[in-house]
Amino acid sequence: WYQRRVREAVVSTQSTGTIIADNGGYDSSQLVTELRAMHSEDQVYSGLNMFAGETGDMRELGITESFAVKYAVVNSAAEAAEMILRVDDILKATPRQRGGNECY
């Protein structure tokens with residue numbers, strides 16, 4: 001069950017580039033293919049340049065994101081998911097049997 005949720009999260013993250021390129025009016029299949037090829041060649045700073053409709057080095061474009069911010073976002077999302085699963089387990093648990101008129 002958890003593996004399916006993780007797989008869905010990965011698929012949704014991978015589709016972000018396609019969605020951005022489509023919304024920009026560009027050929028998303030070509031751009032995403034180029035971007036994945038660049039990432040597989042360890043060009044980790046590559047990204048989508050939506051002004052020119054091509055892939056490029058994000059450092060040259062002045063686009064940077066803090067690793068600490070990304071880590072905090074992913075960590076918060078994982079904690080929220082864990083909390084939801086815990087509450088879900090509590091709600092699914094069978095209620096305990098209570099005595100007659102005893103006060104607790």
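Quick note: structure is the one above.
These notes cover the structure that comes with them. All of these numbers come straight from a predicted model, not from anything done at the bench.

Reading the values: rules and limits
- Residues numbered from 1 in each chain as written.
- Predicted model: local features only at pLDDT ≥ 70, side-chain atom pairs only at ≥ 80, totals over all residues.
- Heavy atoms only, no water.
- Pairing = 2+ DSSP bridges.
- Helix = DSSP H or I, 4+ residues; strand = E, 2+ residues; numbered from the N terminus.
- Patch = residues over 30% accessible without salt bridge, like charges linked within 9 Å, V, L, I, M, F, W, Y side chains within 5 Å.
- Areas by Shrake-Rupley, 256 points an atom, 1.4 Å probe, with all protein chains shown as cover.
- Salt bridge = Lys/Arg side-chain N within 4 Å of Asp/Glu carboxyl O.
- Lys, Arg positive; Asp, Glu negative; His and termini not counted.
- Charge placed at Lys NZ, Arg CZ, Asp CG, Glu CD.

### Re the pairing of strand β2 (residues 54-57)
Here's step 1: Bridge analysis of strand β1 (residues 46-49) against β2 gives four bridges, and the strand direction is antiparallel. Counted as the bridge partner of Leu48 is Thr55 from β2.
Here's step 2: The antiparallel hairpin formed by β1 and β2 contains four residues in its connecting segment, where Gly53 sits at a positive phi of about 70°.

### Side note on a negative patch on the surface
Here's step 1: On the surface, a cluster of negative charge is contributed by Asp22, Asp27, Glu34 and Glu54.
Here's step 2: If you trace the backbone, Glu34 turns up in helix α3 (residues 28-40).

Everything listed here is a matter of geometry and, on its own, says nothing about what the molecule does.
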